Structures are given as C-alpha cells and as structure tokens.
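Spelled out from the first residue to the last, the chains are:
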Amino acid sequence: MTAPKASVLPALTGDARSEPAVLLAGAGLRYGQRVLWDALDLTVRPGEFIAVLGPNGSGKTSLLRVLLGLQPLTSGTVRVAGSAPGAGNRHIGYIPQQRVLDPAVALRGRDLVGFGLDGHRWGIGLRDRRARRQTVAAALQAVGATHYADNPVGRLSGGEQQRLRVAQALVGDPDVLLCDEPLLSLDLAHQRAVSDLIDERRRTAGTAVLFVTHEINPVLPLVDRVLYLVDGRFMIGTPAEVMTSETLSALYRTRVDVVRVRDQIVVVGAADRGDCEHPHHVSGT
Amino acid sequence: MGTLFDFNQAVQLLSRGFVQTALLAGAVLGLVAGVLAPLIVARNMAFSVHATAEIAFSGGAAALLLGISVGYGALGAAVIIAIVLGLLSRRDTERDSVIGVLLAFGLGVGVLLLSMYTGRSSNKFGLLVGQIVGVDSMSLALLVGSSIVVLVVLAMIYRPLRFASVDREVAVARGVPDAWLTVVFAVLVGVATALGVQTVGSLLVMSLMITPGAAANRVTANPLLATVLSVVFAEVAILGGIVLSLPTSVPVSPFVTAISFVIYLVCRAVGTARVTPALAVRT
C-alpha cells in the first residue's frame, strides 16, 4: 500500500477503474435564471487531485451536490465512480467542513468512523462485528486518532474531529473523495496534517480527490489541476495555467493580480475571494 | 393503611392477576421507551414527544366519548400527529412554534371532548395520569403487538437512523434518506407515546420517553451502552413506580417520574464529575 503512485495505478485500472473517477460532459446547472456553470467538461482520473476554487455562490458546493446525486444537472451528463450520481455513493467518501459537534451527543470517535463504513446500510449491524471493528481500528490508526477514539466526539478539538472525518471518509475504501472546505477553521499544523492524509490516500490507493476550497495555498503542492468557477465562467488547468493574472482577470472580468511570494500564491483584486461568510453544507436542501 | 408503604400488602398484591398484567405492560413499555429514548434525545424531539402525548390524550378522550377502546383512540391520534410533526423539517426555524400551536389546539379539543363525556370520571383522570392497573387483556394485547411492530421497524432502520440523527450532513451525502426516516421514526415515537398515555398518562409520558435517554447520554458516549442503560433506567422507573404505588391510593405516575428524575440527577452528577478533571487537564 506504500508503493509510489505510478506503479500502483496500472494494477488498479481494472474493471472498477476503467472509467474515469468523475466524468462531467456538457454539464450545466442553473437555479431559475441564474446560471451557476454551463458546458462544463471535466474528466478526473483516478489518483488525481483537483482543487475547486471560486468565490461564494459560484457553485462549488453545488458541484459536490451534483456528484453526490443530491442535485440534478440542468443539462449534460455526469458519472461518478462508474455509476450515475447517487447510485454509487458507497464508492464516494465525503469530508465536510469542520464544525462544532454537539458536546452532549452520545458518540465516540470510533462510532463516527464506523458510520463511514456501513452507516448507510439497513439493520442494526450485528453481523461481522469483529471484521468491522478491525477495519475501523485500522482507519483510526491511519489518521493517528487511536488514542482518542473512545472519547466523546463533541469534546475533541477541531483538528482531532477533522482527522476523524478523514478516517470516516476513507474507511469505506472510496474511489472518489469529495471534500467541502475541510481545512476551514483549522490551524496551520492541522491543515497540513489533514491535507497530507488526503494526499497519501490518493497516492497509495488511486482515489480521485475533488477539494473545494477558497484558499489554494495549503494544498498547492498537492494540486494536479484547478477548476476555477466565477459567475458562470470557469477555467480548468494546472495551477501554473490557471493561477495567473491574465486568466483570473478574464474570469473575474476585472483586474486581478496574481503574485507568487515564496511558495504561496497571493491573489489581489478578486472580489469576494476571502473568508467564507456563509459556509454551505451539502445537506442543505 | 397506617403507613405510606406496607411491605406485606405489596407482596400480597403482587400475586394478583391485574397487578401482574400491569407489571407486564410496564415492562413492555419500559423496553420500547428505553430503546427509543436515546434517539429521541439525539434528534432533539423532546417537545414533539410532549405534543404527541397531549394529542394522544385528546384521541383517547374522543374514544371515550365514542365508546371505543381508549387505546385505539390514543394510537390513531398519535400516529396522525406524528406524521404531521415528522413532515416538519428538523431545521425549520418554525418547527417549535408549529408544535406549540398544534399542541395547544389539540389539548383544547381534548378538554372539550372530556367535558362532554358523562361516564366514569376515573376514566378521565386516568388519561392524564395513567391507570396501568386498569390495563385489561385486550389493551395488553394491543400494547404487546404495537411494541413488537415498533421494535421490528426500528431494528430495520436503526443504523441509518442513528447516522442521520447525529451526523446528518455526511449521512445525507452517503445516500441516507433522512427525510422519510424522520417521518417513520416520528410514527414509531407516536405509537410508543400512545402506549405510554394508557399507562403513565399523557402528562408524564416524557419521564419514560425522554428522561432515561437523557440520563444515559450523560454517563456514556458508547451508543450500545447508552441504549442498555436507558432501558434499565426506564424499567426501574416504571416497575419500581408500579410496585411502590400498589399499597397507596396515589396513581403510578408520581412514583415513576420521581424515580426517573432521581436517576437523571445521579447520572448528571456522575457525568459532570467525569468531565471536569479531563477539561482541567486540557486547558
């Protein structure tokens, strides 16, 4: 499981992976008169790390909702992990943004991760308890959460909760990992830890990653391609292609300056590029 | 009766058929309420349980007036209101006020129906505070049958229901049908509440449907242990309440609620004592 990406991927390119991890063809989404995006073509290969950037309301979270089958496209087609969206959700891992869990809720870290394995299945779950326990324990260990796995989740720090979220998303062995601002409100050390865990997963298991964020710098070294959405316009390419003054100025239709300072990208002049004032949740219906 | 509690008399009463029926009914109700309670607490449904109980009371009053079994009246009204409450979105800001509106109106209708009833007044009182020693074999059959249905349906939806109850956003992303699970669970709670109305009465059904779950959640984060504790707490409250009330003329409910409340206070104290040192270390 620790072999480099190049040697692992061909072995994984079997039946399940013969298709791209995510395929959007001529995809459009509009709410009434408002076009979020249109004619979007995107093919995500297994193991690829795609950062989805753009201002608030540009349809980043809606894109994830489409891939999860919670929101139908207005036009075009979409396939996720070889299935229609919604049908293949057990092949998808989902990491929401960190938010405070109710401290009083009777739930341990171990239970939160277990939900990611079989929480969507009917019944009580009495069969194969031993195998299940081992799978959950392995997922907890992989994110270094073993020592607080039995604590109530509501009393853990934001960084600890987000590690559990990564384990929860990965325990089901997903082909596609959808992340909605998973680093929001984490400190730098935890941002680094969480993004490294996600990176390791896609390198060792060939899981494709769609990473919605308003801030590319914490994941910049990991990003293969950027999907940048602004007001119905979009651009897809490597960070070097997209994160330029020319491209972003064209997208925003105003003067935007992209400056590289050491290994960081600073964008000046892009309206509403800053903090997410209204964090969106995928569950909003 | 010289003392409040006469031990010999209680033992004597325990051998009576109607007391054994009451204990059996109490045990069944304690099991169902105990299993449901942690989920009710996790889903913040205390107020809607309260409303369901009051509406079940009105249904029982209607049944009295019509001359049919109180149990069926309570059950019918509780299921209807449970569906209505289940259809209200969990995140709807209006949810609590809508429940309050329905509760007030439903209770008003119940009082009107009761005032029109000219039969035995103990029947009226029983709806409010319970008359478990009056459970006959027919209502026992209804109680056991409904309880089995509730537990079987709950077992089928238990895993996704718990997932959606404590981690809704990810559950929905994983394809859990939260919207209709909410309705199904509300109906299960409605049925259980209607059963509780017959035994501990509509005013006090919360001491069985909510308090055991709230108490268990204070002392453990382990979901299985929380459910087991909740059932034990509910059984202790209902069975203890029945036994203690036997040699007195006091209804069952004050005993049930008192035991339930004491258990809750103890669990709160234990939970707080456990958390405080841990927090001190972390800060």
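Keep in mind the model is a prediction, meaning the values are calculated, not measured.

Our focus in this paragraph is helix H11 (residues 211-219) of chain B. With eight of its nine residues buried, H11(B) lies for the most part within the structure. Along H11(B), the positions that sit buried rather than exposed are B:Thr211, B:Pro212, B:Gly213, B:Ala214, B:Ala215, B:Ala216, B:Asn217 and B:Arg218.

With that settled, consider the sheet that holds strand S4 (residues 75-80) of chain A. Where strands meet in a sheet, backbone hydrogen bonds hold them as pairs that are either parallel or antiparallel. Residue and element names in this part refer to chain A. One open sheet holds the three strands; their spatial order is S2-S1-S4, and the pairing between them is antiparallel. Looking along the sheet, the strands with just one partner apiece sit at the ends: strand S2 (34-44) and S4. Across this sheet, the average inter-strand angle for adjacent strands is 25°, counted without regard to direction. Of the pairings in the sheet, the one linking strand S1 (residues 22-31) to S2 comprises seven bridges and is antiparallel in character. Opposite Val-22, over in S2, you have Val-44 as the bridge partner.

All names here are of chain A. The phi angle at Asp-128 is positive, at roughly 55°, despite the residue not being glycine. Exposure remark for Asp-128: the 11 C-beta atoms within 10 Å place this residue in the exposed category. Phi at Glu-181 takes a positive value of approximately 50°, unusual for a residue other than glycine. Looking at the secondary structure, you find Glu-181 in the loop between strand S6 (176-180) and helix H6 (188-205). Residue classification places Glu-181 among the buried positions, given that 21 C-beta atoms sit within 10 Å.

In this section: the pairing of strand S7 (residues 208-212) of chain A. Residue and element names in this part refer to chain A. The buried fraction of S7 amounts to five of the five residues, a majority that puts the element mostly inside the structure. Here S7 shows two buried faces, one formed by Ala-208, Leu-210 and Val-212 and the other by Val-209 and Phe-211. Bridging between strand S3 (residues 49-53) and S7 involves four bridges; their strand directions are parallel. Within S7, the residue paired with Ala-51 across the bridge is Phe-211. Across five bridges, S6 lies against S7 in parallel orientation. Across the sheet, Asp-180 pairs through a bridge with Val-212, a residue of S7. One crossover worth recording links S6 to the parallel S7 by way of H6, and it is right-handed.

Formed by 163 residues in total, the largest nonpolar core has its most connected members in B:Leu36, B:Ala78 and B:Met209. Per element, the largest residue contribution to this core is 13 residues, and it comes from helix H2 (residues 17-42) of chain B.

Chain A puts 27 residues into the contact, and the matching count from chain B is 26 residues. A per-class count over the side of chain A that touches chain B returns 14 nonpolar, nine polar and four charged.

Okay, H2(B) next. Its 26 residues give H2(B) an end-to-end C-alpha distance of 38 Å, which sits within 8% of 38 Å, the value for a rise of 1.5 Å per residue. Note on H2(B): the residue one or two positions beyond its end, B:Asn44, has a positive phi of about 55°.

Cut-offs used in this document
Each chain carries its own residue numbering, running from 1 in the direction its sequence is written. Think of it this way: whatever chain is written first is A, whatever ligand is written first is 1, and the rest follow in order. Where totals are concerned, whole chains, interfaces and linings use all residues; where local detail is concerned, this predicted model gives features only for residues with pLDDT of at least 70, and gives and counts side-chain atom pairs only at 80 or more. Counting other C-beta atoms within 10 Å of a residue's own tells you its class, since 20 or more makes it buried, 12 or fewer makes it exposed, and anything in between is partly exposed; those C-beta atoms are placed from the backbone. Numbering goes from the N terminus for both helices and strands, where a helix is a DSSP run of H or I of at least four residues and a strand is a run of E of at least two. Pairing between strands is defined by DSSP: at least two bridges between the two strands are required. Lines fitted to C-alpha atoms define the axes, with helix axes restricted to the stretch in contact, and inter-axis angles between N-to-C directions lie between 0 and 180 degrees. A clockwise course of the path from the first strand over the helix to the second, judged with the strands pointing away from the viewer, identifies a crossover as right-handed. Buried Ala, Val, Leu, Ile, Met, Phe, Trp, Tyr and Cys residues whose C-beta atoms connect them within 7 Å together make up a nonpolar core. Whether two residues are in contact is decided by their C-beta atoms, placed from the backbone, lying within 7 Å. Residues are grouped as follows: nonpolar covers Ala, Val, Leu, Ile, Met, Phe, Trp, Tyr, Cys and Pro; charged covers Asp, Glu, Lys and Arg; every other residue, Gly included, is treated as polar. To estimate the expected span of a helix, subtract one from its residue number and multiply by 1.5 Å.

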